[in-house]
Amino acid sequence: MPFGLTNALAAFMDLMKRFFKPYLYKFMMVFIDDILIYSKTPEGHTHHLQTALDILRRNELYAKLSKCKFWLRKVAFLGHVVSIKGVSVDPQKIKAVTNWPIPKNPTEVRSFSGLAGYYRRFVQL
């Protein structure tokens, strides 16, 4: 990215989404420069991983090996924990909600409501 480009993250995110569009939410999620590949079987995962790496290579994009993690059973991704059991809330986010100070004005109430509302699908009634 050229220096001074104010929308660099949005431009890069758009680029990544265009490259991976046929596979997004089928076995892959992309957020800026994070790529999450998920599969039901080890064989499927090998194929999905190869597909992602081929796309990167074809488009001359490179992954730093020291930042890559392969064959994980459980991974934290964007405030969630993704595992074979499904998606759950990252325990650090639960602490943030439970330790939130008591709101003292409407702005603080809206702020807390937004955070808590984001995780409402994980609350058991």
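Now for a description of the structure that goes with this document. Computed from a predicted structure; not experimentally measured.

Topic: helix 2 (residues 42-58)
- Its 17 residues give helix 2 an end-to-end C-alpha distance of 24 Å, which sits within 8% of 24 Å, the value for a rise of 1.5 Å per residue.
- Those residues of helix 2 that sit buried are Gly44, His45, His48, Leu49, Thr51, Ala52, Ile55 and Leu56. The buried residues of helix 2 all sit within an arc of 155 degrees when viewed along its axis, so they share a single face. Seen from the buried face of helix 2, the exposed residues on the opposite side, beyond 90 degrees, are Pro42, Glu43, His47, Arg57 and Arg58.
- Here the buried face of helix 2 lies against helix 1 (8-20), strand 1 (28-31) and strand 2 (34-37).

Regarding unusual backbone geometry
- One non-glycine residue, Trp71, lies in the positive phi region at around 60 degrees.
- Of note, Trp71 is situated in the loop between helix 2 and strand 3 (74-77).
- For Trp71, a relative accessible area of 48% gives the class partly exposed.
- For Leu78, which is not a glycine, the phi torsion comes out positive at approximately 55 degrees.
- Counting through the fold element by element, Leu78 comes out in the loop between strand 3 and strand 4 (80-83).

Structural notes on the layout of surface pockets
- In this structure, the largest pocket occupies an estimated 1700 Å³ of space.
- Along its surface, the largest pocket is lined by 46 residues, and Ile35, Leu36, Ile37, Lys69 and Val75 are the ones closest to its centre.
- With seven residues, helix 2 is the single largest residue contributor to the lining of the largest pocket.
- When the residues that make up the lining of the largest pocket are grouped by side-chain class, the tally is 29 nonpolar, seven polar and ten charged.

How each quantity is defined
- Residues numbered from 1 in each chain as written.
- Predicted model: local features only at pLDDT ≥ 70, side-chain atom pairs only at ≥ 80, totals over all residues.
- Heavy atoms only, no water.
- Helix = DSSP H or I, 4+ residues; strand = E, 2+ residues; numbered from the N terminus.
- Expected span 1.5 Å × (residues − 1).
- Buried < 20%, exposed > 50% of the residue type's maximum accessible area, 1.4 Å probe, protein only.
- Arc of directions from axis to C-beta.
- Contact = heavy atoms within 4.5 Å.
- 1 Å grid on protein atoms, 1.4 Å probe; cavity = no way out; pocket = protein on both sides within 12 Å on 5 of 7 lines; lining within 4 Å.
- Points joined across faces, edges and corners; volume = space filled by probe spheres on them.
- Nonpolar A, V, L, I, M, F, W, Y, C, P; charged D, E, K, R; others polar.

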